[in-house]
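Observations on chain architecture
Chain by chain, the residues run as shown.
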Amino acid sequence: MNTEYTSAKTRNDVIILGGGAAGMMAALFSARDGADTLLLEQNEKLGKKLYITGKGRCNLTNTADLDQFLREVPRNGRFMLSSLSHMDHETVTKLFGDLGMPTKVERGGRVFPVSDKASDVTRALKRGMDEAGVKVLTGVRIVRIERESCEEKSGFILEAEDGTRYACRALIIATGGASYPSTGSTGDGYRFAEAFGHRVFPPQPSLVGMNMDSDWHERLQGLTLKNVRITARQGKKVLYNEMGELLFTHFGISGPLIIELSAHLLDHYDEARVVLNIKPGMTSEEVDKRLLREFSENPRRQLNNVLGSMLPARLAGLFPSMCGLAPDMLCSECTREDRKKLRLMMTDMVLPITSPRSLDEAIITRGGVDVKGVAPGTMMSKQVPGLFFAGEVLDVDAHTGGFNLQIAWSTGSLAGQCASIYLRHNPEVK
Ligand SMILES: Cc1cc2nc3c(=O)[nH]c(=O)nc-3n(C[C@H](O)[C@H](O)[C@H](O)COP(=O)(O)OP(=O)(O)OC[C@H]3O[C@@H](n4cnc5c(N)ncnc54)[C@H](O)[C@@H]3O)c2cc1C
């Protein structure tokens, strides 16, 4: 066990379980509000997941207004209204600025540290927690939590893997989701919540790459297509229609466009039809005309070579066979019907997606503690007084752009402050 600040065998006002984004913010607000606060984290250091966010730059929030925020949080966005009014993106950037970490706004309202270093986010929070007097214990994995309720005391007892017990009057569970378990978010919070009678929706991977069933994607592994359009439909309903960047991988597809698509496909993998348009800047007629011109100018050249003027070389080499045509076919042999196959493959390529990649690779977890059991104005459990939840452990998740961390900051700060207020208003909780 690494005692970063102090040891804590005594009873604390508030214990926060989980030293990620939500947990650190909760600890800061609980201590600033006057509560004797202990933060417990199983990793040897705080903010392990934060460290890898935004490719190491940490996209910590987004300047989107409330309407857009709600559009970007497909699952239980409205549950966030109170916590957002407690801490919105402006409060977040001001807080980090005051903690010595200035921020900057990039494309799409994405906010990053000026230093481009995710580690500075954790550093700033540690500084704030230090100043506020938060006690931090790392290397402590909690395996069991019990409600303590007798005449003199009511609160919680947390038992660590090594048998050490920690007592508190109010408890905040900020253990994260179940994605990227290598960072410590192994889903323990779900077990604890269920043991207290909370409903937990099964975790599903979101913001993740997708497996495909094709005999060609492996050969395109590593190829990035920029400025392409993906449209996903379920029957006539458009689930997703965006332009961006796509990456072919050994398992299928990934890249920003696909990661975002995964949040829209979650319950629709079986019925959705996902179509890739490699030439979104041209109409079908324009693509056909261009093919006709290329073929009539190069009658004696092979299709795969000529297609290289319209497609990346690796894709051009495979393209005829993806359309069921011989790669060495001469342009002069290409019929109107063949040209149509090529055109459709460029503008309406149906991607044979089978499933999302696993939680191990997912940026975010869909599912978690049912928000119906949690008061949105305090983050306190509706059935267990003194028990609070914050961050990804809750069944709230968002698209990419800094919205998921905003959820962690908003729910964390509200839970921290309300845990402290709860104790002040309930002095009988000893
Ligand atoms: C690769 C990647 C990139 C991302 N990039 C961005 C981004 O740029 N912008 C954005 O908004 N979101 C991003 N996210 C999502 C964002 O990181 C999470 O939504 C956010 O970190 C959740 O914060 P949290 O505090 O709820 O959970 P976590 O950060 O997962 O923290 C939970 C903590 O609890 C600890 N813990 C769990 N169980 C126990 C236990 N039993 N005992 C003790 N400790 C325990 C864990 O070790 C962990 O440190 C990214 C995610 C990933 C995986």
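Description of the structure in this document. Here the structure is a predicted model, which means the values were calculated and not measured.

Looking at the packing of helix α9 (residues 284-297) against helix α12 (residues 336-347)
Running from N to C, α9 and α12 point in directions that differ by 130 degrees, and their axes come no closer than 10 Å. With respect to α12, the axis of α9 lies oblique. In this structure, α9 meets α12 at a crossing whose hand is right-handed. Mapping the contact onto sequence places Ser 284, Val 287, Asp 288, Leu 291 and Leu 292 in α9 and Arg 339, Leu 342, Arg 343, Met 346 and Thr 347 in α12.

Examining the pairing of strand β5 (residues 103-106)
In the sheet, β5 pairs with strand β6 (residues 110-113) via four bridges, with the strands oriented antiparallel. From the neighbouring strand, Val 105 faces β6, where its bridge partner is Val 111. Between β5 and β6, which pair antiparallel and follow one another directly, the connecting turn spans three residues, one of which, Gly 108, has a positive phi of 70 degrees.

Describing the site of the ligand
Near the ligand lie 40 residues; those nearest to it are Gly 18, Gly 20, Gly 176, Gly 184 and Gly 391. Taken together, the elements giving at least two residues each to the shell around the ligand come down to α1 (21-32), β3 (37-41), α2 (48-52) and α13 (403-425). Looking at the shell around the ligand, its residues break down into 15 nonpolar, 19 polar and six charged.

Here we look at the sheet that holds β5
Judged by pairing direction, the sheet is antiparallel, and its three strands sit side by side in the order β4-β6-β5 without closing on themselves. Looking at strand neighbours, the two that pair on one side only are β4 (61-62) and β5, the edges of this open sheet.

What about the packing of α1 against helix α6 (residues 119-132)?
α6 packs onto α1 with a crossing angle of 25 degrees between their chain directions and a minimal axis gap of 9 Å. As the angle between them shows, α1 and α6 are arranged roughly parallel. In the crossing of α1 with α6, the sense of the turn from one axis to the other is left-handed. Contact residues: Met 24, Met 25, Ala 27, Leu 28, Ala 31 and Arg 32 in α1; Leu 125, Gly 128, Met 129 and Ala 132 in α6.

Details of unusual backbone geometry
A positive phi angle is found at Asn 76, which is not glycine, with a value near 60 degrees. Relative to the assigned elements, Asn 76 resides in the loop between α3 (66-72) and α4 (81-86). The phi dihedral of Asn 227 falls on the positive side, at around 50 degrees, and the residue is not glycine. Relative to the assigned elements, Asn 227 resides in strand β13 (residues 224-234). Given 13 C-beta atoms within 10 Å, Asn 227 falls into the partly exposed group.

Overview of the nonpolar core
Residues Ile 172 and Phe 388 are the most contacted members of the largest nonpolar core, which totals 80 residues. The biggest single contributor to this core is α13, with 11 residues. With residues near it in sequence (within four places) discarded, Phe 388 still touches Ala 170, Leu 171, Ile 172, Met 379, Met 380, Ala 415, Cys 418 and Ala 419. Of all hydrophobic cores here, the second largest spans 37 residues; its members include Phe 295, Leu 303, Ile 353 and Leu 359.

Description of the pairing of strand β10 (residues 165-173)
By the criterion of burial, β10 is predominantly enclosed, with seven of the nine residues buried. The pairing of strand β2 (residues 11-17) with β10 spans six bridges and is parallel. Across the sheet, the residue bridging to Asn 12 is Cys 168, located in β10. Here strand β9 (residues 154-160) runs beside β10; their pairing, made up of four bridges, is antiparallel. In the strand pairing of β10, Phe 156 is matched with Cys 168. Here β9 folds back onto β10 in antiparallel fashion, the turn holding four residues, of which Gly 163 has a positive phi close to 90 degrees. In this sheet, strand β20 (residues 387-389) lies alongside β10 in parallel orientation, the contact comprising three bridges. Its bridge partner being in β20, Ile 172 is matched across the sheet by Phe 388.

Some details on the sheet that holds strand β14 (residues 237-248)
As summarised here, the arrangement of the seven strands in space is β17-β16-β13-β14-β15-β12-β18, forming an open sheet in which the pairing is antiparallel. In the strand order of this sheet, the two ends are held by β17 (349-350) and β18 (353-356), each with one partner. The pairing of strand β16 (residues 273-277) with β17 spans two bridges and is classified as antiparallel. Within β17, the residue paired with Leu 276 across the bridge is Met 349.

So, how was this worked out
Residues numbered from 1 in each chain as written. Predicted model: local features only at pLDDT ≥ 70, side-chain atom pairs only at ≥ 80, totals over all residues. Axes fitted to C-alpha atoms, helices over the stretch in contact; angles between N-to-C directions. Helix = DSSP H or I, 4+ residues; strand = E, 2+ residues; numbered from the N terminus. Parallel < 35°, antiparallel > 145°, perpendicular 65-115°, else oblique. Left-handed = near helix turned anticlockwise from the far one by under 90°. Contact = placed C-beta atoms within 7 Å. Pairing = 2+ DSSP bridges. Near = placed C-beta within 6 Å. Nonpolar A, V, L, I, M, F, W, Y, C, P; charged D, E, K, R; others polar. Buried ≥ 20, exposed ≤ 12 C-beta atoms within 10 Å, placed from the backbone. Core = buried A, V, L, I, M, F, W, Y, C linked by C-beta atoms within 7 Å.

None of this, on its own, says anything about what the molecule does.
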